[in-house]
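One letter stands for each residue in the lines below.
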Amino acid sequence: MQHLPAVLSLLVLAAGWYYLFYSPAARRLSGIEDPARNALRIRLRRANGIVMMLLAVAFYAASVTVNEQTPQNTAIMIFMSIPLLLCAMIVLALIDVRLTRRLRRDRRKDRV
C-alpha cells in the first residue's frame, strides 16, 4: 500500500510526458484546421502535459514528503497545489473542447 501513491504519480507523469512530446492528435488536424488555431491547440496540449507532470510531482510530494514534521506552510502549499493544478488541467481541456466545437461548426458550414 505504501507504493501506491508512487505508482499513481509515475502513471500521471508518464501520461503528461506522452501528452507533451508524443501526442500526434493535434498535428493530424493540421490539414483541416486553420494553422493559427492548430498551433494554439498544440500549445494548449503541451501546456496540459506540463501541468500533468507538475501534478504528478505534487501527488508524490503530498504522499511521501508530508508528515507530522513537515512545516505547516509547506504542507498547505503542497496540498493546495493539487486542486489548483487539477483546475488548470480542466481549463486547458475546456479550451481544447471549445476549439473542437468551433472546428466542427466551421466544417458544417463548409459542407452546406
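Now for a quick tour of the structure. (Residues numbered from 1 in each chain as written. Predicted model: local features only at pLDDT ≥ 70, side-chain atom pairs only at ≥ 80, totals over all residues. Heavy atoms only, no water.)

Here we come to the packing of helix H3 (residues 35-65) against helix H4 (residues 72-111). When two helices pack together, their arrangement is given by the angle between the helix axes and by the axis-to-axis distance. Where H3 contacts H4, the two axes come as close as 9 Å, and the packing angle between them is 160 degrees. Viewed along their axes, H3 and H4 adopt a mutual orientation that is roughly antiparallel. Crossing hand, H3 versus H4: left-handed. Residue classes in the contact of H3 with H4 are distributed as 23 nonpolar, four polar and six charged. (Axes fitted to C-alpha atoms, helices over the stretch in contact; angles between N-to-C directions. Helix = DSSP H or I, 4+ residues; strand = E, 2+ residues; numbered from the N terminus. Parallel < 35°, antiparallel > 145°, perpendicular 65-115°, else oblique. Left-handed = near helix turned anticlockwise from the far one by under 90°. Nonpolar A, V, L, I, M, F, W, Y, C, P; charged D, E, K, R; others polar.)

A contiguous patch of positive charge on the surface is contributed by Arg-104, Arg-107, Arg-108 and Arg-111. Considering the arrangement of structural elements, one finds Arg-107 in helix H4. (Patch = residues over 30% accessible without salt bridge, like charges linked within 9 Å, V, L, I, M, F, W, Y side chains within 5 Å. Areas by Shrake-Rupley, 256 points an atom, 1.4 Å probe, with all protein chains shown as cover. Salt bridge = Lys/Arg side-chain N within 4 Å of Asp/Glu carboxyl O. Lys, Arg positive; Asp, Glu negative; His and termini not counted. Charge placed at Lys NZ, Arg CZ, Asp CG, Glu CD.)

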